[in-house]
Amino acid sequence: MEHPVARVLPLLTPAHLDRDFDYLVPPELDEIARPGVRVRVRFAGRLVDGYLLSRLAESDHPGKLVRLERVVSAEQVLTPEILRLATTVAARCAGTRADVLRLAVPPRHARVENGGPAKKSADSDGEPASPADGRGSIAAGSGRAADRDTPRIEDGTGRTAAAPEYSVEPGGGGGAGPVDADGDPVEPGGLDGVGASENDDTEQGGSESPGELGPTAVPGGVDTLAWRRYRHGDAFLTALASRRGPRAAWQALPGENWARRLAELAAVVAASGRSAILMVPDQRDLDRVLRECVLLVGDSAVGLSAGLGPAARYRRWLAVLRGTASVVVGTRSAVFAPAVDLGLVAIWDDGDDTYAEPRAPYPHAREIAMLRAHDTGAAFVAAGFARTAEIQAVVESGWAHDLLADRATLRAASPRIAAPGDTDAALERDPMARAIRIPAAAFAAARQALAAGAGVLVQVPRRGYVPALACTKCRTPARCRRCVGPLSLPGSDRSADSGAAHSPVCRWCGRTEAAFRCPVCGGRVLRAVVIGAARTAEELGRAFPGVPIRGSSGAALLDTVPPGPQVVVATVGAEPLLDGGYGVGLLLDGWALLGRADLRAAEDTLRRWLSAAALVRPDGQVLVMADPAVPTVQALLRWDPAGHAATELAQRTEVGFPPAVRMAAVDGTPDGIAGLLAAAELSAEVEVLGPVPLPPGARPPSGARNGGDEPGAEVERILLRAPRARGAALARALAAAQSIRSSQRAESPPRVQIDPLDIG
């Protein structure tokens, strides 16, 4: 046997065991023990799962090697590119490769992998048929299925492809992926010009101007006229068709068929013989984009999401691995899809919080997508009606470029947007325009649209009936005297008798507050802070008798509504499509969205408003019930998401918040946090902030939950802030500290998150 040693990464939870181990390959496993396969090895007296990384002629371990116990499957499920990506993500997030690989590679389904017959229940998910068994067609020009039955890995024997060598260090495997001059992993989300160096050309994922590229044929079915509405849109398609790697921040026009446009980008890439990954926030968007992709590339498009059953998901994942699927549409986990010859990674609406992984090491799909595009040289597109500060940062750094329409085109496609009481004349006509929830101007616009046979969209921040209460005199939120939880009426879910009088109850402990007294002003009268969607629909039903009132929120989510005069009341993110667009859009309770104690409140509010306003037809009208002097409202009135993102980024840079800096949140008990900080070798540039309470709604880390009545009472958060250039060093220090604490079997290990969405 020429290469008797197998280098294996066991999937172990302790941080100090995130390293490679050498095992002896028995002769009977020599043929199938190839890099990338799943294996079972004996570790500390028990069998554990792992991945075989490479075959070696000899080991640097001086002792006796343990035999490889079993090769679970001959399928090489871990490709070298995904292994490099997992290593880079683990290093960036101060996590372990084992945790990242649990997110990247789905659990094995033996019947599917062996080609057994599929059960109906596994595939009856309503998605178009996918070529999971290898029989699906490939987009024109791809020509990859014939030469790819198994992943391409080779070692010295010529049978397989060896995974790259990794240095074995306590607390993690060696570095992989793009590195800078100091050996630190490249972070494309930085503000220091990463990805814009002189020798970073387009072949290596550079972002030279698409206008410099030569002409290349764009495949049929792609609406080039739609892309010509954007500056450099034609050139961007040409760059994709010529197998280049342009990177862009695409701001979609109002009313744009964005699902079709993303499918067209994927079709261009597939026709050039490469693969594309399209990420969307939820299943509703996935179904919409997948339908468009199937129309353009046929069965070469597959959908990946957590909602699929284990068999269906693994079947589609294998189709991508084996090269029979060239276009992947999915939610956040699709960013790890083992696409062959990746040519495009696109993410729609990257500001949606569903892209943040709730499991360790808590990466964000946007950051993984940028790391993968930078490593592979693939094109990258961050698309949406709005723009986040993170995407604005990479645009300003030069790593990506704007893909925008000019102002004349934007004005022609946008509805008329106004805020009631935005002028002195409007206030003279209606002095209460800014004080009441739905002013007279909004009712007049809705009546006019209904009379013309158009639909009216009403967006509300919350579902339910009366979700929250506050003091009538000073508007201080009503809180429980026992647990400080929010008070609400027991009929908020309409399960109780709406005609009966009820005392408010605590939504945390369930106790009734029969005699409320405001701790600030002593008031005893409560008022509704946010009127929910159900109550809003009820009030609008009385205002417009005889008009159909439809609701879309929570479990009663509507994808589309039929044409005709109607009022659709939807919570944010649940707005259904209407063929031809709505005639009027009413954005209610803007102060409730803008007034949240959240770093991203303004950014998230504008994103939700723009998504709803984009559903209104160009000759329609949008009214936002908010103070017109607020910069976020002004950005909506001008439809200027890029300008708002630039302002947001400048403000965060001034006060030192992500993405201008790297920030780590350490959550846990006081003793656990103190032990981790004592073990961490932090540089003098790292600033320690806190302790502070966990953000509202944040889940306490495992092992730090107490059994008291007040959830998370013993859990606190420490924030570590470092300059962007020292972000990699901060992550390494925290990873090493976690390894030390893990080797010491420390109790209640704290949770470490790099650049979390909720800072607190």
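Everything numeric here is computed off the predicted structure, so don't read it as measured data.

Here's the deal with helix α17 (residues 601-613)
- In a regular helix each residue adds 1.5 Å, so 13 residues correspond to 18 Å; α17 covers 18 Å between its end C-alpha atoms and thus fits that length.
- Taking burial as the measure, the 13 residues of α17 include 10 buried ones, the bulk of the element.

Brief notes about the side chain of R260
- Residue placement: R260 occurs in helix α7 (residues 258-271).
- For R260, the side chain forms a polar contact with the side chain of E292, separated by 3.2 Å.
- Here R260 is in contact with G221, E292, L295 and L296, once residues within four sequence places are set aside.

Quick notes on the sheet that holds strand β1 (residues 5-10)
- Pairing is antiparallel across the open sheet formed by 5 strands, whose spatial order is β2-β1-β4-β3-β5. Strand pairing shows two members of the sheet lacking a second neighbour, β2 (21-24) and β5 (70-76), which therefore form its edges. Across the sheet, the axes of successive neighbouring strands diverge by a mean angle of 45°, strand direction being ignored.
- Pairing of strand β3 (residues 37-43) with strand β4 (residues 46-56) involves 6 bridges; the strand directions are antiparallel. For R42, the partnering residue across the bridge sits in β4 and is L47.

Digging into the pattern of salt bridges
- Overall, the coordinates contain 50 salt bridges when judged by the stated rule.
- R55 is the salt-bridge partner of D30, the closest N and O atoms lying 2.6 Å from each other. Separated by 25 residues along the polypeptide, D30 in the loop between β2 and β3 and R55 in strand β4 bring together distant segments of the chain.
- For D30, a relative accessible area of 15% puts it in the buried group.
- For the salt bridge of R717 with D667, the shortest nitrogen-to-oxygen distance reads 2.6 Å. Here R717, found in strand β29 (residues 716-723), pairs with D667, found in strand β27 (residues 661-668); they are 50 residues apart in sequence, far enough to count as distant. Taken as a pair, R717 and D667 share a single burial class, namely buried.

Side note on the packing of helix α1 (residues 80-92) against helix α10 (residues 365-376)
- It is the contact of α1 with α10, at a shortest axis distance of 10 Å, that shows an interaxial angle of 130°. In terms of orientation, α1 lies oblique with respect to α10. You can see that α1 and α10 cross each other, and the crossing is right-handed. Where α1 abuts α10, its residues E81, I82, R84, L85, T88, V89 and R92 lie against E367, I368, L371, R372, D375 and T376.
- Among the residues making up the contact of α1 with α10, the classes are represented as 5 nonpolar, 2 polar and 6 charged.

Procedures and definitions
Residues numbered from 1 in each chain as written. Predicted model: local features only at pLDDT ≥ 70, side-chain atom pairs only at ≥ 80, totals over all residues. Heavy atoms only, no water. Helix = DSSP H or I, 4+ residues; strand = E, 2+ residues; numbered from the N terminus. Expected span 1.5 Å × (residues − 1). Buried < 20%, exposed > 50% of the residue type's maximum accessible area, 1.4 Å probe, protein only. Polar contact = N/O pair within 3.5 Å; in protein donor to acceptor, adjacent residues only side chain to side chain. Contact = heavy atoms within 4.5 Å. Pairing = 2+ DSSP bridges. Axes fitted to C-alpha atoms, helices over the stretch in contact; angles between N-to-C directions. Salt bridge = Lys/Arg side-chain N within 4 Å of Asp/Glu carboxyl O. Parallel < 35°, antiparallel > 145°, perpendicular 65-115°, else oblique. Left-handed = near helix turned anticlockwise from the far one by under 90°. Nonpolar A, V, L, I, M, F, W, Y, C, P; charged D, E, K, R; others polar.

From the geometry alone we can't say anything about function, so treat these as descriptive.
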